[in-house]
Amino acid sequence: MSDTSFEMKNNQLYINGQWVDGETDNTYDVINPATEDTLATIAYGTRVDAKQALEAAQAAMPAWQGLTVYDRSVRLKKLADLMRERCDYLAVALTLEQGKPLGESRGEIMASAATFEWFAEEAKRAYGRTIPPSAPNKRIFTVRQPVGVVAAVSPWNFPIVLQARKLGPALAVGCTTVSRPASQTPLSLIRLFELMHECDFPPGVVNLLMGPPAEMMDEFMENRICRKISFTGSTEVGKELIRRSADQVKRLSLELGGHAPVIIFPDVDIEAVAKASVIGKFRNNGQVCICPTRFYAQKTVQEDFIEAVVEETKKLVLGNGMDEGVQIGPMFEMRGVEKTDRIVSDATSKGARCLLGGKRPEQFDKGFFYEPTVLTDVTADMAIMTEEPFGPVMPILDFDNIDEVIEKANDTEYGLAAYVLTNDLTAAFKMAEGLEFGTIGINDPVPATPQAPFGGLKESGMGRENGIEGMDAYLETKNVSIILQ
Ligand code: NAD
């Protein structure tokens with residue numbers, strides 16, 4: 001399919017069950033990062049629209065909360081079915097606006113459908129407790145209720161799955177929602193809302209806003225209707241939200257940045273691990289919060305690992321994510337290309353060796369492409385070791401023993417994900433217990449899944465998404481204590 005065949009049916013805000021222009025008729029253009037062409041012109045809302053969306057969500061809350069979880073689940077399961085049926089309708093919009101290859105977009109849609117479906121099931125088990133009292137005539141039990149209207153704010157790298165991790169549990173337990181995606185990637189989410197519209201969510205239960213980030217956040221923070229903000233994005237903005245949330249003790253869930261180590265022990269099949277590492281590293285150009293960013297190969301196998309990585313990386317096919325066979329699309333924005341270039345230059349100026357890449361490819365006239373890059377001789381003083389790189393750069397370091405590598409891996413303020421490659425049970429347990437990261441994949445390059453908790457330690461976030469923890473995040477627990485007369 002070519003870009004020219006792409007057309008949006010809707011390009012407006014979705015408030016109270018209707019597609020609307022918003023307070024003004026302001027619009028903005030969404031750009032294709034592979035061609036730099038304009039894909040669509042979209043309504044750009046204001047704070048007044050955010051207020052209206054919150055009010056619509058508040059008005060819808062009593063009836064939605066009043067349904068049984070079985071009734072709410074039917075709609076969520078219907079949504080999951082529709083997403084699978086119309087996977088390409090969503091995936092094409094996602095690839096065009098974000099840049100990732102179409103196969104990856106399809107994977108994101110399927111994972112998002114699985115997320116909605118899992119929470120539709122799990123909410124049926126949002127049990128409370130009866131608690132043994134300390135007096136014979138007392139009875140104590142808990143009641144679990146939805147937290148209220150939720151604002152769901154997400155970044156551009158996974159526009160659908162990151163919304164699904166918020167909307168899935170929130171809607172299933174009876175909250176109503178206002179979604180605000182990154183302005184640059186609204187198209188796939190607009191299409192998802194078209195499917196939601198078909199699923200008979202009552203007006204006001206789900207709302208979608210595009211508009212200036214700070215202004216929208218001001219409304220979410222200052223309007224008491226909004227009881228919780230679930231935010232995925234950078235640690236920098238996350239910290240600002242923690243500071244601002246104090247005024248109303250606003251509930252926050254924060255999924256923030258990462259800097260994931262990969263630790264390769266000598267007992268593994270180095271060629272197979274190199275192959276998987278290259279796929280994991282360059283997926284979505286490294287623009288993934290749990291992307292592997294620092295590779296520590298044990299000294300005895302480091303040379304073999306480097307050689308195999310370089311061979312595998314050379315095979316990667318760059319191009320427009322819509323084209324058959326393309327494995328690596330453009331980066332999302334020119335800003336990302338410039339940051340990657342800066343990080344690579346910083347490393348080479350301090351003594352790193354660039355074995356592959358390190359520049360923009362020459363074969364494209366347009367688009368935000370950057371060559372997959374492999375660095376060695378990397379040291380702790382280089383920016384790539386402290387800043388979240390969010391780009392296609394693979395630094396390979398070495399280590400001697402377990403204690404040393406645990407210390408090196410933990411030497412960061414981030415704590416989102418870590419990966420370990422070993423068949424040695426003792427090493428695996430030591431790593432699982434010693435690494436300070438919220439998700440640890442042992443011989444597993446894709447450890448994020450709807451049924452298991454996902455989130456960061458240290459400055460990588462607060463709270464968890466997915467799993468029962470991800471559902472609890474949208475529930476308040478009341479203690480009811482009764483004295484029998
Ligand atoms: P970002 O923090 O700049 O933006 C995230 C969202 O917040 C966007 O919708 C943006 O429009 C909005 N935003 C930006 N500035 C804001 C402000 N001052 N007030 C309110 N909202 C604001 O992040 P980004 O650069 O777009 O996304 C990449 C970051 O997201 C990386 O750090 C990545 O690791 C992180 N991320 C984390 C996870 C996770 O699950 N932990 C998943 C994906 C991405």
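Scoring rules and cut-offs
Residues numbered from 1 in each chain as written. Predicted model: local features only at pLDDT ≥ 70, side-chain atom pairs only at ≥ 80, totals over all residues. Heavy atoms only, no water. Helix = DSSP H or I, 4+ residues; strand = E, 2+ residues; numbered from the N terminus. Rg over C-alpha atoms; globule rule 2.2 N^0.38 Å. Buried < 20%, exposed > 50% of the residue type's maximum accessible area, 1.4 Å probe, protein only. Contact = heavy atoms within 4.5 Å. Domains from an automatic or database assignment. Buried area = accessible area lost by both parts, 1.4 Å probe. Salt bridge = Lys/Arg side-chain N within 4 Å of Asp/Glu carboxyl O. Polar contact = N/O pair within 3.5 Å; in protein donor to acceptor, adjacent residues only side chain to side chain. Axes fitted to C-alpha atoms, helices over the stretch in contact; angles between N-to-C directions. Left-handed = near helix turned anticlockwise from the far one by under 90°. Nonpolar A, V, L, I, M, F, W, Y, C, P; charged D, E, K, R; others polar. Near = heavy atom within 4 Å. Areas by Shrake-Rupley, 256 points an atom, 1.4 Å probe, with all protein chains shown as cover. 1 Å grid on protein atoms, 1.4 Å probe; cavity = no way out; pocket = protein on both sides within 12 Å on 5 of 7 lines; lining within 4 Å. Sits in = over half its atoms within 2 Å of the grid points. Pairing = 2+ DSSP bridges. Parallel < 35°, antiparallel > 145°, perpendicular 65-115°, else oblique. Right-handed = clockwise from strand over helix to strand, strands pointing away.

> So what's going on with the overall build of the protein chain? Which residues, and what values?
Across its full length, the protein chain carries 14 helices and 20 strands. Taking 2.2 N^0.38 as the reference for a compact globule, 485 residues should give roughly 23 Å; the C-alpha atoms of the protein chain span a radius of gyration of 23 Å, in line with that estimate. If you line up the protein chain on its principal axes, its C-alpha atoms span 75 × 65 × 40 Å. Classification of the 485 residues of the protein chain by burial places 57% in the buried group. Restricting the contact set of the protein chain to residue pairs at least 6 apart, pairs at least 24 apart contribute 73%.

> Kindly report on the domain arrangement of the protein chain, identifying the contributing residues and their values.
Domain parsing of the protein chain yields domain 1 (13-256 + 459-481) and domain 2 (260-449). A C-alpha centroid distance of 31 Å is found between domain 1 and domain 2. Counting from both sides, the interface comprises 27 residues of domain 1 and, opposite them, 28 residues of domain 2. Between domain 1 and domain 2 the total buried area reaches about 2300 Å² when both faces are included, carbon and sulfur atoms providing 57% of it. At the surface where domain 1 touches domain 2, the tally comes to zero salt bridges. Taken together, the links from domain 1 to domain 2 amount to twelve residue pairs in polar contact (both at pLDDT 80 or more). Mapped by element, the contributors of at least two residues to the side of domain 1 that touches domain 2 are α3 (87-98) and α4 (102-122). In terms of residue count, the dominant contributor to the side of domain 1 that touches domain 2 is α3 (five residues).

> Before we move on, could you go through the packing of helix α7 (residues 213-222) against helix α8 (residues 235-245) and cite the residues and values that matter?
Relative to each other, α7 and α8 sit at 35°, their axes nearing to 10 Å. For the pair α7 and α8, the crossing hand works out as right-handed. Within the contact between the two elements, α7 uses Met217, Asp218, Met221 and Glu222 and α8 uses Leu241, Arg244 and Ser245. When the residues that make up the contact of α7 with α8 are grouped by side-chain class, the tally is three nonpolar, one polar and three charged.

> Explain the site of the ligand to me, using residue names and the numbers behind them.
Taken together, 26 residues surround the ligand, and among them Ser154, Arg180, Ser234, Leu256 and Glu388 come closest. Contact distances for the ligand include 2.9 Å between an oxygen atom and a side-chain N or O atom of Arg180. Summarising the interface, the protein chains cover 86% of the accessible area of the ligand, which totals 840 Å² for the free molecule. Judged by its atoms lying within 2 Å of the grid points, the ligand is housed in the largest pocket. Breaking the shell around the ligand down by element, the ones donating at least two residues are α7, β10 (226-232) and α8. Class assignment of the residues belonging to the shell around the ligand gives a composition of 15 nonpolar, seven polar and four charged. Counting the residues that make up the shell around the ligand, at least three belong to each of domain 1 (13-256 + 459-481) and domain 2 (260-449).

> Lay out the sheet that holds strand β20 (residues 475-483) in plain terms, naming residues and giving numbers.
Here three strands make up an open sheet; going across it, the order is β5-β6-β20 and the pairing antiparallel. Taken across any chain shown, the strands that pair with only one partner, and hence form the sheet edges, are β5 (130-131) and β20. Pairing between β5 and strand β6 (residues 138-146): two bridges, direction antiparallel. Paired with Thr130 across the bridge in β6 is Phe141.

> Which residues make up the packing of helix α12 (residues 402-410) against helix α13 (residues 425-434), and what are the values?
Where α12 meets α13, the axes come as close as 11 Å, and the angle between the chain directions of the two elements is 30°. When the axes of α12 and α13 are compared, the pair comes out roughly parallel. Viewed along their axes, α12 and α13 form a crossing whose handedness is right-handed. Touching Ile402, Val405, Ile406 and Asn410 of α12 are Ala427, Lys430, Met431 and Gly434, all from α13. The residue makeup of the contact of α12 with α13, split by class, is five nonpolar, two polar and one charged.

> Please set out the pairing of strand β18 (residues 439-442) residue by residue, giving values where relevant.
Along β18, the buried face is formed by Thr439 and Gly441; none of Ile440 and Ile442, which line the opposite face, is buried. Taken together, the four bridges between strand β17 (residues 417-421) and β18 define a ladder with parallel strand orientation. Residue Val420 lies in a different strand from β18, and its bridge partner there is Ile442. Each parallel crossover has a hand, and the one from β17 via α13 to β18 is right-handed.

> I'd love a proper account of unusual backbone geometry, names of residues and values included.
Phi is positive for Asn285, close to 60°, though the residue is something other than glycine. At Asp377, a residue that is not glycine, the phi angle is positive and equals roughly 55°. Relative to the helices and strands, Asp377 is located in the loop between β15 (373-376) and β16 (393-399).

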